[in-house]
Amino acid sequence: MAKKSSTLRCPTCRTLVLKGDKHFPFCSDRCRVIDLGKWASGGYVISTPITDPEMLESLVEERRKKPAEESSDPDHKH
Ligand SMILES: [Zn+2]
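Residues numbered from 1 in each chain as written. Predicted model: local features only at pLDDT ≥ 70, side-chain atom pairs only at ≥ 80, totals over all residues. Heavy atoms only, no water.

**Re the coordination of the zinc ion**
For the zinc ion, the full set of protein donor atoms is C10 (SG), C13 (SG), C27 (SG) and C31 (SG), and the range of their distances to it is 2.3 Å. Note that the zinc ion binds four donor atoms; their angles at the metal cover 104 to 119°, and the shape is tetrahedral. Summarised as a motif, the one-chain spacing of the donors to the zinc ion is C-x2-C-x13-C-x3-C. In this pair, C13 sits in the loop between strand 1 (7–9) and strand 2 (16–18) while C27 sits in the loop between strand 2 and helix 1 (29–41), placing the two residues 14 residues apart along the sequence. Judged by its relative accessible area of 31%, C13 is partly exposed. (Donors = N, O, S within 2.8 Å, 3.2 Å for Na, K, Ca; no water. Tetrahedral: all angles 85-135°; square planar, octahedral: opposite > 155°, others 65-115°. Helix = DSSP H or I, 4+ residues; strand = E, 2+ residues; numbered from the N terminus. Buried < 20%, exposed > 50% of the residue type's maximum accessible area, 1.4 Å probe, protein only.)

Dropping the structure here:
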């Protein structure tokens, strides 16, 4: 626990990413595309376990704002 590091975790796969990285804040172009697709689709397909409670909360909140738009089964990939 030194000073605030200049790294962040990739929102998609939680890999540490250096600030200034080409794909920052993602670790790779692939993860960026995955994340964009996730939000764009509105399906919030979670392909990686979420360990951040805040993130979970915001997901739940988002869902509340959009009532019953996704009546179909959400993808439960793993
Ligand atoms: Zn990643």
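**Brief notes about the environment of R9**
By secondary structure assignment, the location of R9 is in strand 1. Separated by 18 residues in the primary sequence, R9 and C27 have C-alpha atoms spaced 8.0 Å apart. There is a polar contact of 2.9 Å between the side chain of R9 and the backbone oxygen of R14. (Polar contact = N/O pair within 3.5 Å; in protein donor to acceptor, adjacent residues only side chain to side chain.)

**Notes on the side chain of T12**
Tracing the chain through its elements places T12 in the loop between strand 1 and strand 2. Within the local environment of T12, its side chain forms a polar contact with the backbone oxygen of C31, the two atoms lying 2.9 Å apart.

**Brief notes about the side chain of H23**
Counting through the fold element by element, H23 comes out in the loop between strand 2 and helix 1. For H23, a relative accessible area of 19% puts it in the buried group. Beyond its immediate chain neighbours, meaning those up to four positions away, H23 contacts S28 and D29. (Contact = heavy atoms within 4.5 Å.)

**Details of the environment of P11**
Mapped onto the elements of the fold, P11 is located in the loop between strand 1 and strand 2. Measuring from C-alpha to C-alpha, the distance between P11 and D35 comes to 7.4 Å, with 24 residues separating the pair along the chain. When neighbours within four sequence positions are excluded, P11 is seen to be in contact with P25, F26, D35 and M55.

**So, the environment of I34**
Following the sequence through the fold, I34 ends up in helix 1. Along the sequence, I34 and P11 sit 23 residues apart, while their C-alpha atoms lie 9.8 Å from each other.

**Topic: the confidence of the model for the protein**
Per-residue pLDDT for the protein has a mean of 76; in total, 62% of the residues score no lower than 70. For the protein, per-element mean pLDDT is lowest for helix 2 (residues 53–65), which scores 76, and highest for strand 2, which scores 93. (pLDDT = per-residue confidence, 0-100.)

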